[in-house]
Amino acid sequence: QVQLVESGGGLVQAGGSLRLSCAASGRTFSTYGMGWFRQAPGKEREFVAHFSWSGGMTYYADSVKGRFTISRDNAKNTVSLQMNSLKPEDTAVYYCAAQTRPRITTAQAMDAALYAYWGQGTQVTVSS
């Protein structure tokens, strides 16, 4: 099992920044990458970003490219999501998830069904 705990959510004005962190513990050696997803009220969960352990490849949703950056801290076993230029439409519960498949494609990195472990989520609210 892998345990994931998110932190760093909160309330911010449009144009501001937040940094989310996801701390992983347990059988982390069984994972091949981590992703961030988000779910706004009344909407389906959507992909935000992915960091692959293999070569440090990163993938982003078009809606956050150029504004969000995903990174990994090996020493702390954490994955972070730096969110800049936040917009009201970024308001959602943000979840980190661990992926256990090696050599995934871009499409697979965006597929929530292929992530085996999930955190509880952290609320991000962007006011206009």
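Residues numbered from 1 in each chain as written. Predicted model: local features only at pLDDT ≥ 70, side-chain atom pairs only at ≥ 80, totals over all residues. Heavy atoms only, no water.

Novice: Help me out: how do you make sense of the overall build of the protein in this one?
Specialist: Secondary structure summary: the protein contains one helix and 11 strands in total. Traced from its N-terminal end to its C-terminal end, the protein shows the element sequence β-β-β-β-β-β-β-β-β-α-β-β. The globule rule puts the C-alpha radius of gyration for 128 residues at 14 Å, and the 14 Å found for the protein is close to it. Taking all 128 residues of the protein together, 42% fall into the buried category. Here the contacts in the protein between residues at least 6 apart in sequence split such that 58% fall between residues at least 24 apart. (Helix = DSSP H or I, 4+ residues; strand = E, 2+ residues; numbered from the N terminus. Rg over C-alpha atoms; globule rule 2.2 N^0.38 Å. Buried < 20%, exposed > 50% of the residue type's maximum accessible area, 1.4 Å probe, protein only. Contact = heavy atoms within 4.5 Å.)

Novice: So what exactly am I meant to see when it comes to the environment of Gln-108 here?
Specialist: Here Gln-108 lies in helix H1 (residues 106-109). The exposure class of Gln-108 is partly exposed, given its relative accessible area of 24%. Each C-alpha atom, one on Gln-108 and one on Tyr-95, is 17 Å from the other, the two residues being 13 residues apart in sequence.

Novice: Got a minute to help me understand the sheet that holds strand E1 (residues 2-7) in this structure?
Specialist: Picture the strands of a sheet paired through backbone hydrogen bonds; they go either parallel or antiparallel. On the basis of which strands lie adjacent, the open sheet formed by four strands has the order E1-E3-E8-E7 and antiparallel pairing. The sheet is open, and its two edges are formed by E1 and strand E7 (68-73), each paired on a single side. Within the sheet, the average angular offset between the axes of one strand and its neighbour, ignoring direction, is 20°. (Pairing = 2+ DSSP bridges. Axes fitted to C-alpha atoms, helices over the stretch in contact; angles between N-to-C directions.)

Novice: Explanation requested: the side chain of Thr-31 in the structure shown.
Specialist: Structurally, Thr-31 is set in the loop between strand E3 (18-26) and strand E4 (33-39). Thr-31 gets classed as buried once you look at its relative accessible area, which sits at 7%.

Novice: Before we go on, may I ask you to explain the state of the cysteines in this structure?
Specialist: Two cysteines form a disulfide when their sulfur atoms are joined by a covalent bond. On inspection of all chains with the given rule, the structure shows one disulfide. Residue Cys-22 pairs covalently with Cys-96 via a disulfide, S to S 2.0 Å. Judged by the sign of its S-S torsion, about 55°, the cystine formed by Cys-22 and Cys-96 is right-handed. Here the residue Cys-22 occupies a position in strand E3, and Cys-96 occupies one in strand E9 (residues 92-99), the gap between them amounting to 74 residues. Comparing Cys-22 with Cys-96, the two get one shared label, buried. (Disulfide = S-S within 2.5 Å.)

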